[in-house]
Amino acid sequence: MADSSAYPGRPRWVKILGIITLALAVVFVVVHLAGGGFHHHGHLGAETPPATNQNTGN
Amino acid sequence: MARSSVRKLALTAHVTFSVGWMGAVACFLALAIAGLTGREDQAVRAAYVAMNVATWAVILPLCLASLLTGLIESLLTPWGLFRHYWVIAKLVLTALATIVLLAHTQPIGLLAHAAAHGTLAAEVQSVRVQLLVDAAAALSVLLLATVLAIYKPRGLTRYGWRKQHQRA
């Protein structure tokens, strides 16, 4: 006899959503760490940093 | 009676902040598209400056408010925080979106600074594309969270199952 109070387990949609979320999280991290990341663009093409911009009016 | 009013207030706040967050991300996406495809230099620069303002003044506060009110609401209602899978899934998606948003505030700020003070060099093209892709992904995640909140797919966690049987 099966125990009616036994936990039925995780629904299928949870497993599918979990796998998709995990895969997308891995893709996101890999893309950002491998070259396309923002950390390589510290200056982002700015011609003058803010500190050197103060005397431009003289 | 008083508890019911508090629940409704929490629900109203959570829906307002969440919908506002989604709308603000949609605007961010529109600005990212305008910044990437625009032909007029002034308009492109303005788009990136506006994206930075929107991030700090609207998106980030709404994101944190949505997360906080969601937590409060789950604790005030019989749904709980760890009893139903849809609540956990929504919490995980919101937490991930918040982390990703926090990680993007610096590059958005740097891009806005570059747009305001210098030229947008070709090397930042990948960052501009990245922001567009991430905004589209964020909008998809928020839409998914909305679908979960409305449909509330079945599925009790082990903890929720135990609690339900304790009450029965």
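See the structure shown above.
So, here is what we can say about the structure in this document. Everything quoted here is computed from the prediction, not taken from an experiment.

Here's the deal with the overall build of chain B
Right, so step 1: Each helix and strand counted, chain B has five helices and zero strands in total.
Right, so step 2: What you see in chain B, going N to C, is helices and strands ordered as α-α-α-α-α.
Right, so step 3: Taking 15 Å as the expected radius of gyration for a compact globule of 168 residues, we find that chain B reaches 19 Å, considerably beyond that expectation.
Right, so step 4: Considering only C-alpha atoms, chain B reaches an extent of 65 × 30 × 25 Å along its principal axes.
Right, so step 5: A burial count over chain B gives 40% of its 168 residues as buried.
Right, so step 6: Expressed as a percentage of contacts within chain B between residues at least 6 apart in sequence, the contacts between residues at least 24 apart total 79%.
Right, so step 7: Carbon and sulfur atoms make up 70% of the accessible area of chain B, which totals about 9,000 Å².
Right, so step 8: Placing the 14 positive and 5 negative side-chain charges of chain B at their respective mean positions leaves the two points 29 Å apart.

With respect to the nonpolar core
Right, so step 1: Of all hydrophobic cores here, the largest spans 26 residues; its most connected members are B:W21, B:Y48, B:I59 and B:L120.
Right, so step 2: Elements with a contribution of two residues or more to this core: helix 1 (2–37), helix 2 (41–76), helix 3 (85–117) and helix 4 (125–151) of chain B.
Right, so step 3: Among all residues touching B:L120, those that are not within four sequence positions of it are B:V44, B:Y48, B:L111, B:A114, B:A115 and B:R128.
Right, so step 4: One finds A:L17, B:L81, B:A89 and B:L148 within the second-largest nonpolar core, a separate group that totals seven residues.

Points about the packing of helix 2 of chain B against helix 3 of chain B
All names here are of chain B.
Right, so step 1: Their axes nearest at 9 Å, the elements helix 2 and helix 3 cross at an angle of 160°. Considering their axes alone, helix 2 and helix 3 lie roughly antiparallel with respect to each other. Judged by the twist between their axes, the crossing of helix 2 over helix 3 is left-handed.

Points about the packing of helix 1 of chain B against helix 3 of chain B
Residues and elements named next belong to chain B.
Right, so step 1: Across the interface, helix 1 lies against helix 3 with an axial gap of 14 Å and an inter-helix angle of 45°. Relative to helix 3, helix 1 is oriented oblique. Between helix 1 and helix 3 the crossing geometry is left-handed. Contact with helix 1, carried on its side by H14, W21 and F28, involves K90, T94, A97, T98 and I108 of helix 3 and no other residues of that element.

Conventions used here
- Residues numbered from 1 in each chain as written.
- Chains lettered and ligands numbered in written order.
- Predicted model: local features only at pLDDT ≥ 70, side-chain atom pairs only at ≥ 80, totals over all residues.
- Heavy atoms only, no water.
- Helix = DSSP H or I, 4+ residues; strand = E, 2+ residues; numbered from the N terminus.
- Rg over C-alpha atoms; globule rule 2.2 N^0.38 Å.
- Buried < 20%, exposed > 50% of the residue type's maximum accessible area, 1.4 Å probe, protein only.
- Contact = heavy atoms within 4.5 Å.
- Areas by Shrake-Rupley, 256 points an atom, 1.4 Å probe, with all protein chains shown as cover.
- Lys, Arg positive; Asp, Glu negative; His and termini not counted.
- Charge placed at Lys NZ, Arg CZ, Asp CG, Glu CD.
- Core = buried A, V, L, I, M, F, W, Y, C linked by side-chain atoms within 4.5 Å.
- Axes fitted to C-alpha atoms, helices over the stretch in contact; angles between N-to-C directions.
- Parallel < 35°, antiparallel > 145°, perpendicular 65-115°, else oblique.
- Left-handed = near helix turned anticlockwise from the far one by under 90°.

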